[in-house]
Amino acid sequence: MRDRWGSRTIFILAAIGSAVGLGNAWRFPGMAYQNGGGAFLIPYFVALITAGIPLLLMEISIGKKFQAGAPTAFGRIHRRFEGLGWWAVLTSFVIAAYYTVILGWSFNYMWASITQAWSGGAADYFQKSILQISDGPGDIGGFSLPVLVTMVLAWISVWWCVRNGVHSVGKVVKWTVTLPVVLMIFLGIRTITLPGAIEGLNYYLKPDFNALLDVKVWAAAYGQVFFSLSVLFSVMIAYGSFLPEDSDTTTDTMIIAFADAGISFLAGLVVFTTLGYMMHTSGVAIADMSISGLGLAFVTYPEAISQLPGGHIIQAIFGLMFFLMLFTLGIDSAFSLVEGVVTGLVDKFRWNRSWTLLAVCVAGFLGGLIFVTKAGLYWLDIVDYFTNNFNLIVIGIIECLLVGWIYGSEKIRTYFNETGTIKFGKWWDAMIRFVTPLALLGISIMWIIQNIKENYGGYETKYLILGGWLVVAITIIIGFGLMFLRSREAAPEQITEMGVDA
Ligand code: PHE
């Protein structure tokens, strides 16, 4: 008998936990700021409705229908597409390998909040004390001990959360979803009452409607929606596979998607009111601050904390709250990635779940070692850029074609409408068959042009090949290779049975 979520609420919380992560905390605010401020909400919601929600609903429903993770589920739709599922699983694995490193940094920063270690300048602290950053990706220079240690801690936390599958996940997500939101609201109440906060909000939300004419802004919105909802990386299919037959996946999808969007928006309020305050105290314009990516969380924010009124104790409390928020936001995304991998393997090979989990965690730790060297940040940046763009786009296009055209979007729509309270009309088919793949195609063309024009991040070509294209190639080769291994339970007659079933 397949494992089941303890209740509907627990499933919803776990899915929100996966969706809400580092992507909401810094990616969204930065994106909004760079892409038209308040006007960015328009492409964002269009992307959410035309692609994010349709895909999320599709993945949860596929998992539920086939009661299996991505590889087995896709394999049942069409034998040749099992490899696509494995490709998605391996992409999850790669993301997990560096996501845990970033989680580890939040441990370093919790400690630093108490010791005030960054008082001599947060940028220096981040680069010299924590990362001990080298001159470039070619200069590995050994490990940075503080991040090696906290990465191990992060892996132990991830292992601990998923050690009993959906049962332990169910217990953990009650905390890791509610706590960061409470902390965020609390931080928001404090920061909005600081001087300069309103100017900060002005920066964030001042709508620039001209931005809507720029295709890049639309591409950014679609990319952000996919990443933020955790779709296309096998995670939501695995989570859906633990749902019972009668679950209302249409309503659940709407709840998950809007909770994710709401928390992104809230994170933006917290971030920009804080930046406004910094502008007020230090006189540095927001445009000159690091407002997106790692710099925001690990340089600009600590800087702001060290300027808060109220002395050391208050600053320590705010630092702890902020980095605890970051950790709890991220941990349930990290373990959902691991759960996606483990579910894929256990469904196919029928291995013992606990050992598989342990092996995945150890392998993830070993693979992640490159990111805790002194050149780690460079490699993290390169690997993230390629897996999160190239793999996401291509997997997305093929997945839409597979489900929309080969399996038939109408079949899956009838399936989820049967038990769903909210009914989806024919427009859903159009989104899955046309709009989502076309949006992805558009993004991919722009992405390719961009990469031909200039090397990403100014890195030398050889490093982009090694950390980018080689990693992409490995996920494809191993992914499609795994397809040819026999699954444990597949006796010949069952293969035909599954064929008929599909
Ligand atoms: N959605 C997560 C975030 O916003 C990241 C993630 C992507 C998690 C894909 C799982 C799968 O940070």
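From a predicted model like this one, the values you see are computed outputs, not experimental measurements.

### Some thoughts on the site of the ligand
Right, on to step 1. Residues in close proximity to the ligand total 15 residues, the closest being A19, G23, Y99, F227 and S230.
Right, on to step 2. At a separation of 3.0 Å, a nitrogen atom of the ligand approaches a polar backbone atom of A19.
Right, on to step 3. When the ligand is considered free in solution it has 320 Å² of accessible area, and contact with the protein chains removes 100% of it.
Right, on to step 4. Of the residues that constitute the shell around the ligand, the class distribution is seven nonpolar, eight polar and no charged.

### Notes on the packing of helix α3 (residues 41-66) against helix α16 (residues 376-419)
Each pair of packed helices can be summarised by the angle the axes make with each other and by the distance between the axes.
Right, on to step 1. For the pair α3 and α16, the least separation of the axes is 9 Å and the interaxial angle reads 80 degrees. In terms of orientation, α3 lies roughly perpendicular with respect to α16. Residues L55, L57, M58, E59, S61, I62, K64, K65 and F66 of α3 lie in contact with α16, whose contacting residues are E399, C400, V403, Y407, I412, Y415, F416 and T419.
Right, on to step 2. Looking at side-chain class alone, the contact of α3 with α16 contains eleven nonpolar, two polar and four charged residues.

### Section: the packing of helix α4 (residues 70-77) against helix α5 (residues 82-115)
Right, on to step 1. It is the contact of α4 with α5, at a shortest axis distance of 7 Å, that shows an interaxial angle of 160 degrees. With respect to α5, the element α4 is oriented roughly antiparallel. The handedness of the crossing between α4 and α5 comes out as right-handed. Residues A70, P71, F74 and G75 of α4 pack against E82, L84, G85, W86 and V89 of α5.
Right, on to step 2. Looking at side-chain class alone, the contact of α4 with α5 contains six nonpolar, two polar and one charged residues.

### Here we look at helix α14 (residues 311-349)
Right, on to step 1. Given a rise of 1.5 Å per residue, 39 residues ought to cover 57 Å, and the 57 Å separating the end C-alpha atoms of α14 matches this to within 8%.
Right, on to step 2. The buried count for α14 comes to 32 of 39 residues, which makes it a mostly enclosed element.
Right, on to step 3. Immediately beyond the C-terminal end of α14, within one or two residues, lies R350, with a positive phi of roughly 55 degrees.

### Section: the side chain of D252
Right, on to step 1. When you line up the elements, D252 lands in helix α12 (residues 249-282).
Right, on to step 2. By relative accessible area, D252 is classed as buried at 1%.

### Some points on a nonpolar patch on the surface
Right, on to step 1. Residues V152, I156, W159, W160, W355, L358, V362 and L366 make up a contiguous nonpolar surface patch of roughly 790 Å² in combined accessible area.
Right, on to step 2. Counting residues per element, the ones that place at least two in the nonpolar patch are α7 (145-162) and α15 (353-368).
Right, on to step 3. Structurally, the position occupied by L366 is in helix α15.

### Examining the pattern of salt bridges
Two side chains of opposite charge can pair, provided their charged atoms sit close to one another.
Right, on to step 1. Applying the stated rule across the entire model yields nine salt bridges.
Right, on to step 2. Here R2 ties to D347 by a salt bridge, and the two come within 3.0 Å at their closest N and O atoms. Note that R2 is positioned in the segment before α1 (8-19) and D347 in helix α14, a separation of 345 residues in sequence.
Right, on to step 3. In this structure, D252 and R8 form a salt bridge, with 2.7 Å as the shortest nitrogen-oxygen distance. A residue pair is termed long-range when its members are at least 10 positions apart, and D252 in helix α12 and R8 in helix α1 qualify at 244 residues.
Right, on to step 4. Note on R8: relative accessible area 42%, which makes it partly exposed.

Rules of the game
- Residues numbered from 1 in each chain as written.
- Predicted model: local features only at pLDDT ≥ 70, side-chain atom pairs only at ≥ 80, totals over all residues.
- Heavy atoms only, no water.
- Near = heavy atom within 4 Å.
- Polar contact = N/O pair within 3.5 Å; in protein donor to acceptor, adjacent residues only side chain to side chain.
- Areas by Shrake-Rupley, 256 points an atom, 1.4 Å probe, with all protein chains shown as cover.
- Nonpolar A, V, L, I, M, F, W, Y, C, P; charged D, E, K, R; others polar.
- Axes fitted to C-alpha atoms, helices over the stretch in contact; angles between N-to-C directions.
- Helix = DSSP H or I, 4+ residues; strand = E, 2+ residues; numbered from the N terminus.
- Parallel < 35°, antiparallel > 145°, perpendicular 65-115°, else oblique.
- Contact = heavy atoms within 4.5 Å.
- Left-handed = near helix turned anticlockwise from the far one by under 90°.
- Expected span 1.5 Å × (residues − 1).
- Buried < 20%, exposed > 50% of the residue type's maximum accessible area, 1.4 Å probe, protein only.
- Patch = residues over 30% accessible without salt bridge, like charges linked within 9 Å, V, L, I, M, F, W, Y side chains within 5 Å.
- Salt bridge = Lys/Arg side-chain N within 4 Å of Asp/Glu carboxyl O.

Spatial relationships are all this shows, so hold off on functional conclusions.
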